[in-house]
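# Overview (structure and organization)
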Amino acid sequence: MKYVRIQFPGGPRFGIIDGDTVRLIEGSPFGSLVMTDFVVPLAGAKLLSPCEPSKGVCIGLNYRDHAEEFKLPIPTEPVVFLKPSTSVNDPQEGIVFPPQCKRLDYEAELAIVIGKTAKNVEESDVHEYILGYTCANDVTARDLQPKQGQWTVAKSFDTFMPLGPFITDEVDPDHLDIESRVNGKTMQHSNTSNLIFKPAFLVSYLSKVMTLLPGDVILTGTPGGISGMQVGDQVDIVIEGIGTLTNTIVAP
Ligand code: MG
């Protein structure tokens, strides 16, 4: 299934992609859901982030070439940081270039979407806790990262975690082409087969640290090829079998 969340009169609604339409559901994919007969065209729908995470749990340096471009050793243990719920952004919305930042980077990432509360889950059981996968952009105020000594400020501005456009459970997360484009030009291109720590391992590992709640996302890290963006740029995160997450950089 491909799940989507759209703006609808009366408030956001979840739906399921059915060809070029969205079939609305009662309830949500994170609890019980009932299909309705109500269908709207996908083309005209205002897409929202497909989930509302309580936290974005992010993995740093999880592609070998990205660690190398920073001249950092290949991690032997996942490097974990958080993005706050307030950094979530919708498809097609603006990413705000903060005035205190000189260099604003994209980071194409496969996001794991947690479907039900996960605590101390073994790797062999994680499939029961994963709703599916979506595209994420781990937007980063790069010049603020070394200044701070740790990553919270650089990663946490409002609008810095675009998610979408869909959540799908129809892909193999270990073998997906992943790409970022700025104004149509490919900037990063890799495959999730190059991840150092794999999605199933990460869900288990993190569930033994913190309770993962329905809708929480795990951003699995970005491949090499990062660079900066300017106000007016369009950035696309493209993942095979999921779709394209598009945002534009806007002035504060
Ligand atoms: Mg990242």
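Residues numbered from 1 in each chain as written. Predicted model: local features only at pLDDT ≥ 70, side-chain atom pairs only at ≥ 80, totals over all residues. Heavy atoms only, no water.

### Things to note about the sheet that holds strand S15 (residues 177-182)
Spatially, five strands are ordered S9-S20-S19-S15-S16 in an open sheet, and the strand pairing comes out mixed. Among the strands making up the open sheet, the edge pair consists of strand S9 (94-96) and strand S16 (185-191). Geometrically, the sheet is characterised by an average inter-axis angle of 25° between neighbouring strands, direction not taken into account. Pairing geometry for S15 and S16, over six bridges, is antiparallel. Within S16, the residue paired with Ser-180 across the bridge is Gln-188. (Pairing = 2+ DSSP bridges. Helix = DSSP H or I, 4+ residues; strand = E, 2+ residues; numbered from the N terminus. Axes fitted to C-alpha atoms, helices over the stretch in contact; angles between N-to-C directions.)

### Quick word on the coordination of the magnesium ion
Ligation of the magnesium ion by protein atoms is provided by Glu-107 (OE), Glu-109 (OE) and Asp-138 (OD), these donors lying 2.0 to 2.1 Å from the ion. Between consecutive donor residues of the magnesium ion, the sequence gaps follow E-x1-E-x28-D. Separated by 29 residues along the polypeptide, Glu-109 in strand S11 (residues 108-114) and Asp-138 in the loop between strand S12 (130-137) and strand S13 (140-141) bring together distant segments of the chain. Residue classification places Asp-138 among the buried positions, given a relative accessible area of 1%. (Donors = N, O, S within 2.8 Å, 3.2 Å for Na, K, Ca; no water. Buried < 20%, exposed > 50% of the residue type's maximum accessible area, 1.4 Å probe, protein only.)

### A closer look at the side chain of Ser-28
Checked against the element boundaries, Ser-28 lands in the loop between strand S3 (21-27) and strand S4 (33-41). Here Ser-28 falls in the buried class, since its relative accessible area comes to 17%. At a separation of 2.9 Å, a polar atom in the side chain of Ser-28 contacts the main-chain amide nitrogen of Phe-30. Every residue in contact with Ser-28, bar those within four places of it in the chain, is listed here: Phe-14 and Leu-33. (Polar contact = N/O pair within 3.5 Å; in protein donor to acceptor, adjacent residues only side chain to side chain. Contact = heavy atoms within 4.5 Å.)

### Some points on the pattern of salt bridges
In this structure the tally under the stated criterion is 13 salt bridges. Linking Asp-138 and Lys-155 is a salt bridge whose minimum nitrogen-to-oxygen distance equals 2.9 Å. Taken together, the residues span a long stretch of sequence, with Asp-138 in the loop between S12 and S13 and Lys-155 in helix H3 (residues 152-155) at a distance of 17 residues. For the pair Asp-138 and Lys-155, a shared accessibility class is recorded, and that class is buried. Each of Lys-83, Arg-103, Asp-105, Glu-107, Asp-138, Arg-142 and Lys-155 takes part in one network of salt bridges that share partners. (Salt bridge = Lys/Arg side-chain N within 4 Å of Asp/Glu carboxyl O.)

### Points about the nonpolar core
Among the nonpolar cores identified, the biggest contains 44 residues, and Leu-104, Val-203, Leu-212, Ile-218, Val-235, Ile-239 and Ile-242 are the most heavily contacted of them. Sorting the residues of this core by element identifies strand S6 (55-60), S11, S12, S15, helix H4 (199-207), strand S19 (234-239) and strand S20 (243-250) as the ones contributing at least two each. It is S11 that contributes the most residues to this core, four residues altogether. The residues contacting Leu-212, other than those within four sequence positions of it, are Lys-55, Val-57, Ile-114, Lys-116, Thr-117, Ala-118, Val-203, Leu-206, Ser-207 and Ile-218. (Core = buried A, V, L, I, M, F, W, Y, C linked by side-chain atoms within 4.5 Å.)

### A word on the pairing of S3
A regular strand places its side chains on the two faces of the sheet in alternate fashion. Sheet analysis places strand S2 (residues 13-18) next to S3, joined by four bridges and oriented antiparallel. Pairing of Asp-18 across the sheet is with Thr-21, part of S3. Between S2 and S3, which pair antiparallel and follow one another directly, the connecting turn spans two residues, one of which, Gly-19, has a positive phi of 65°. As paired strands, S3 and S4 are joined by six bridges and run antiparallel to one another. What sits directly across from Thr-21, in S4, is Pro-41. Counted along the chain from S3 to the antiparallel partner S4, the turn is five residues long.

### Digging into the domain arrangement of the chain
Domain parsing of the chain yields domain 1 (2-47) and domain 2 (50-250). If you average the C-alpha positions of domain 1 and of domain 2, the two centres end up 24 Å apart. Taken together, the contact between domain 1 and domain 2 spans 11 residues of the former and 20 residues of the latter. When the two sides are added together, the surface that domain 1 and domain 2 hide from each other amounts to roughly 1,300 Å², 59% of it contributed by carbon and sulfur. Together, Lys-2, Tyr-3 and Phe-30 form the three largest contributors to the area buried by domain 1 at its contact with domain 2, with a combined 54%. Taken together, the connections running from domain 1 to domain 2 amount to two salt bridges. (Domains from an automatic or database assignment. Buried area = accessible area lost by both parts, 1.4 Å probe.)

### Re the side chain of Lys-55
Relative to the assigned elements, Lys-55 resides in strand S6. Its relative accessible area of 14% is what places Lys-55 among the buried residues. Reaching out from Lys-55, the side chain makes a polar contact with the backbone oxygen of Thr-211 at a distance of 2.9 Å.

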